[in-house]
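# Coordinates in review
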Amino acid sequence: MALTFHWFLPTQGDSRGIVGGGHGVEVGSAWRTREPTVGYLTQIARAAEQLGFTGVLTPTGAWCEDSWLSTAMLVSATERLKFLVAFRPGLLSPTLAAQMASTYQRLSNGRLLLNVVTGGEAHEQRTHGDFLDKDARYARTDEFLEVVNRLWAGETVDFSGTHISVEQAVLHRRPDPVPPVYFGGSSPAALDVAAQRVDTYLTWGEPPNAVAEKIGRVRERAAAHGRTLDYGIRLHVISRDTAEEAWAEAGRLLSHLTPETIERVQSGLSRSESEGQQRMLALHGGRTDDLEIYPNLWAGVGLVRGGAGTALVGSHREVADRIEEYAALGIDEFVLSGYPHLEEAYWFGEGVLPLLAERGLWHHPGRPADTAEPAAPAVPFSGPAETVPQPAS
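Read on for an overview of the structure. Predicted model only: the values in this text are computed from it and were never measured.

## Re the pattern of salt bridges
- In the structure shown here, the tally under the stated rule is 17 salt bridges.
- Here R197 makes a salt bridge to D142, at a shortest N to O gap of 2.9 Å. One end of the pair, R197, is in helix α6 (residues 188-197); the other, D142, is in helix α5 (residues 134-152), with 55 residues separating them in the sequence.
- Residue D142 is classed as buried on the basis of its relative accessible area, which comes to 17%.
- Across the pair E206 and R279 runs a salt bridge whose closest N-O atoms are separated by 2.8 Å. With E206 in the loop between β8 (200-204) and α7 (208-224) and R279 in helix α10 (residues 275-284), this residue pair connects regions lying 73 residues apart in the sequence. Each member of the pair E206 and R279 is classed as buried.
- Among the charged side chains, a network of salt bridges with common partners joins D142, E146, R150, E155 and R197.

## As for unusual backbone geometry
- Note that the residue after D176, namely P177, is joined by a cis bond; omega there is 0°.
- Within the element layout of this structure, P177 appears in the loop between β6 (165-169) and β7 (181-184).
- Across the junction of Y339 and P340, the peptide omega takes the value -10°, indicating a cis bond.
- Along the chain, P340 falls in the loop between β13 (333-337) and α12 (341-351).
- With phi around 55°, Q168 is a residue other than glycine that occupies positive phi space.
- Among the structural elements, Q168 can be located in strand β6.
- Although it is not a glycine, N296 adopts a positive phi angle of roughly 70°.
- With respect to the helices and strands, N296 occurs in the loop between β10 (292-294) and β11 (297-298).

Criteria and thresholds
Residues numbered from 1 in each chain as written. Predicted model: local features only at pLDDT ≥ 70, side-chain atom pairs only at ≥ 80, totals over all residues. Heavy atoms only, no water. Salt bridge = Lys/Arg side-chain N within 4 Å of Asp/Glu carboxyl O. Helix = DSSP H or I, 4+ residues; strand = E, 2+ residues; numbered from the N terminus. Buried < 20%, exposed > 50% of the residue type's maximum accessible area, 1.4 Å probe, protein only.

Written out as structure tokens, the structure reads:
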């Protein structure tokens, strides 16, 4: 089994501390010291490509830069890297979205992946003129994806639904290949959409038993429709040469979060309509004294960040072990991030990926299949410099 790894493009800004944002959290609720310029995002994209990540996820929302435009500016700066573009289906027509994806595929030589985000916060949706309630938003997403999939299949579509209607919709140039659709959500309505319409179901990082239970429900629904899906997980990561170093870094991140900031953010997140967000909050309850909720799974990020709020923390080998544990549940795609995103990409890419390659769980997508992966570093990254033998005088 070959696992796929994606990194994250911080189009909301980056920092050596946790940057807030998402699900109603204002960006300024935590550090942002690196602006999301094209130059900085290019550094991250090129690092991810070099290290062996397949793609990079870009978020969507009022708190970050537009995902379509941001990633389009990075295509020519990379060669192989794919872009997992998050967007909200209720904010543009399905015909336009299908056309945009088709154009993106042609101009990027097939490097588009799509992350459909229904939108979990009614107050944010209303700022865009969207006044549907949560279940209606999922119903609209289902109709949206039906139209898009039919257009990509080459149909001329007449569709009259509760929320979406098109007449004689057609694409004059279809995408080749059709971009895979990624989708997340924890409510029953979300699981039904996933089972019928998408290619990869994404969950946020919870303890393995909770992840197994959730994807088991999706599998059952998908099987009822005669479908099978791929499964992915969204996590942060703090991987170091030793467990002590990794947990010290987690402690450093936590030390910069004031009680006032945590209380303010938790108060806002508690009003979230997202079931997934409520599951994230339940992992820590706003407390800072018991954040390792499973071996090497730390809930500290979620104290000040909406959305994915857990991180794998430990030595490179421990992080690899946890990834292997999730893989045994059926997770084959990992969407990872860390603060700051440039440096953490290297910690993971040079520390964990070689270990997974040794176990036969990963191969660098930019190299031929019969090319041996580089061995894990013989000396710790943070250890003393290797002494180079000198010629005899």
